[in-house]
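# Observations on the model geometry
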Amino acid sequence: MKTELLLKEIHERYRSFNEGKLANYIPELAKVNPNLFAISIVTTDGEVFEAGDSQQLFTMQSSSKPFTYAMALSAFGRDKVREKVGVEPTGTSFNSIVEIEANTHRPYNPMVNAGAITISSMLSPEKSLEKRREEMLKFFGSFAGHELSIDETIYQSERSTAFRNRSIANLLRHFQVINGEIDGSLDLYFSQCSIQVNTRDLATMAATLANGGVHPSKYKVIDRDTVSDVLSIMLSCGMYDTAGEWAYQVGFPAKSGVSGCIFGVIPGKMGIAVYSPLINEHGHSVRGVKALQDLSYELKLHIFR
Ligand code: GLN
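A brief structural summary.

This paragraph deals with the overall build of the chain. Within the chain, the secondary structure is distributed over 13 helices and 8 strands. Computed over C-alpha atoms, the radius of gyration of the chain comes to 18 Å, within 12% of the 19 Å expected from 2.2 N^0.38 for 305 residues, which places it in the range of a compact globule. In terms of principal-axis extent, the alpha carbons of the chain reach across some 55 × 40 × 35 Å. Here the chain holds 305 residues, and the buried ones make up 58% of them. For the chain, long-range pairs separated by at least 24 residues make up 70% of all intrachain contacts whose partners lie at least 6 apart in sequence. By element, 50% of the accessible surface of the chain is carried by carbon and sulfur atoms, the whole surface being about 12,700 Å². The averaged location of the 34 negative side-chain charges in the chain is 2 Å from the averaged location of its 31 positive side-chain charges.

Turning next to the sheet that holds strand β4 (residues 149-150). On the basis of which strands lie adjacent, the open sheet formed by 3 strands has the order β3-β5-β4 and antiparallel pairing. Pairing within the sheet leaves two strands with one partner each, and these edge strands are β3 (58-59) and β4. Bridge analysis of β4 against strand β5 (residues 195-197) gives 2 bridges, and the strand direction is antiparallel. Pairing of Ser149 across the sheet is with Gln196, part of β5.

Bringing the site of the ligand into the picture now. The ligand sits among 13 residues. The nearest are Tyr25, Gln61, Ser62, Glu158 and Tyr189. Backbone polar atom of Val258 to an oxygen atom of the ligand: 2.8 Å apart, as the coordinates give it. Across the complex, the protein chains shield 99% of the 290 Å² of accessible surface that the ligand would expose by itself. Broken down by class, the residue content of the shell around the ligand amounts to 7 nonpolar, 5 polar and 1 charged.

A separate point is the packing of helix α1 (residues 3-14) against helix α13 (residues 286-298). Between two packed helices, what matters for the description is the angle formed by their axes and the separation of those axes. Contact pair α1 / α13: the axes reach a minimum separation of 10 Å and the direction vectors enclose 140°. Once α1 is placed against α13, the crossing between them reads as right-handed. Taking contact as the criterion, the partners of Leu6, Leu7, Ile10, Arg13 and Tyr14 in α1 are, on α13, Arg287, Lys290, Ala291, Asp294, Leu295 and Glu298. For the contact of α1 with α13, the residue count by class is 6 nonpolar, no polar and 5 charged.

Structurally, Arg132 can be placed in helix α6 (residues 129-144). By relative accessible area, which is 3% here, Arg132 ends up buried. If sequence neighbours within four positions are ignored, Arg132 has contacts with Ser120, Ser121, Leu123, Ser124, Pro125, Lys127, Gly184, Ser185 and Leu188. Within the structure, Arg132 has its side chain in polar contact with the backbone oxygen of Ser120 (distance 2.9 Å).

What follows concerns the sheet that holds strand β8 (residues 270-275). Within a sheet, each strand pairs with its neighbour through backbone hydrogen bonds, oriented either parallel or antiparallel. Across the sheet, which stays open at both edges, the 5 strands sit in the order β2-β1-β8-β7-β6 with antiparallel pairing between neighbours. Because the sheet does not close on itself, it has two edges, and the strands there are β2 (48-52) and β6 (254-257). Sheet twist, expressed as the average angle between the axes of neighbouring strands with direction ignored, equals 10°. Where strand β1 (residues 38-43) and β2 come together, 5 bridges link them in antiparallel fashion. Its bridge partner being in β2, Ala38 is matched across the sheet by Gly52. Helix-sheet contacts for helix α10 (residues 199-210) involve β1, β2, β7 (261-266) and β8, and the interaxial angle to β8 is about 150°. On the sheet, α13 packs against β1, β7 and β8 and is oriented at approximately 150° with respect to β8.

It is at 11 Å that the axes of helix α8 (residues 163-174) and helix α9 (residues 183-193) come closest, and there the two elements cross at 135°. By the angle between their axes, α8 is oblique relative to α9. Considering the relative orientation of α8 and α9, their crossing is right-handed. Contacts between α8 and α9 pair Asn165, Arg166 and Ala169 from the former with Asp183, Leu186, Tyr189 and Phe190 from the latter. Its residues assigned to classes, the contact of α8 with α9 shows 4 nonpolar, 1 polar and 2 charged.

This part covers helix α5 (residues 113-122). Where burial is concerned, most of α5 is hidden: 10 out of the 10 residues are buried. Of the surrounding secondary structure, the elements contacted by the buried residues of α5 are α2 (65-76), α3 (78-84), α4 (98-101), α6, α8 and α9. In the stretch just after α5, Ser124 is the one whose phi turns positive, near 45°.

Thresholds, definitions, all that
Residues numbered from 1 in each chain as written. Predicted model: local features only at pLDDT ≥ 70, side-chain atom pairs only at ≥ 80, totals over all residues. Heavy atoms only, no water. Helix = DSSP H or I, 4+ residues; strand = E, 2+ residues; numbered from the N terminus. Rg over C-alpha atoms; globule rule 2.2 N^0.38 Å. Buried < 20%, exposed > 50% of the residue type's maximum accessible area, 1.4 Å probe, protein only. Contact = heavy atoms within 4.5 Å. Areas by Shrake-Rupley, 256 points an atom, 1.4 Å probe, with all protein chains shown as cover. Lys, Arg positive; Asp, Glu negative; His and termini not counted. Charge placed at Lys NZ, Arg CZ, Asp CG, Glu CD. Pairing = 2+ DSSP bridges. Near = heavy atom within 4 Å. Polar contact = N/O pair within 3.5 Å; in protein donor to acceptor, adjacent residues only side chain to side chain. Nonpolar A, V, L, I, M, F, W, Y, C, P; charged D, E, K, R; others polar. Axes fitted to C-alpha atoms, helices over the stretch in contact; angles between N-to-C directions. Left-handed = near helix turned anticlockwise from the far one by under 90°. Parallel < 35°, antiparallel > 145°, perpendicular 65-115°, else oblique.

Next up, the structure:
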């Protein structure tokens, strides 16, 4: 079946599937329309296939984490980054605090909040938030192929209610995983989570990873070695405490965000992004998981099959 037709069919299959809840711990995220649903595929040579609300903007939330990880790897290399953040799955939720207390105090991986906040703390801590945001948006924009911006309302909403993330950052500061002040790095973390994209943007960013770090329109964004580090961690840790099940059933590196987005990378082939705001207890879009499972099966995308 033609890809475009398949996307429309899968969209139709799940558009009235109403399980899940809106993320409500970030108050502004609880105000979005729960019926929104979009799927985009961008191939490594830039072909686009879409269904549903693919022009709808949403915030990246945790789907931003692979990109800030790539930014830190590009700036410091893997050894320096690994001193601060490990590469092991946690088996616990994205905002868990327990691993920081245990053993080394080093965050297990850069896909959970503790790891991502530590990564933010490495990105030009000596500079102003404005400058740090500018550098981050430039980096993310080169994956998307155009300038991106921050949703300031969502940013403020998360920033003013981030009691748990502040505890995580305080604990990381206590153990000197983060040195210096934590507020600026938390603000950068909330900023990355509030970057606005639509599914076409996110699928293009994924396609750049699928294409070895080269944007579909052929300019280089990051090294191939960085891509392989990022995709390995996405496969083992990107879906948190369902990462094992995800690798088994769906079989390609992916990352979710509590706004309801998930993107997947099929190396050498394509990037896929889905968006639908109702999420399950793990923080993954319910319609998004269904759609990606079906796409993996119907387009034979499992990387080990
Ligand atoms: N901004 C969210 C948080 O830190 C991102 C979490 C997510 O998307 N899983 O809680």
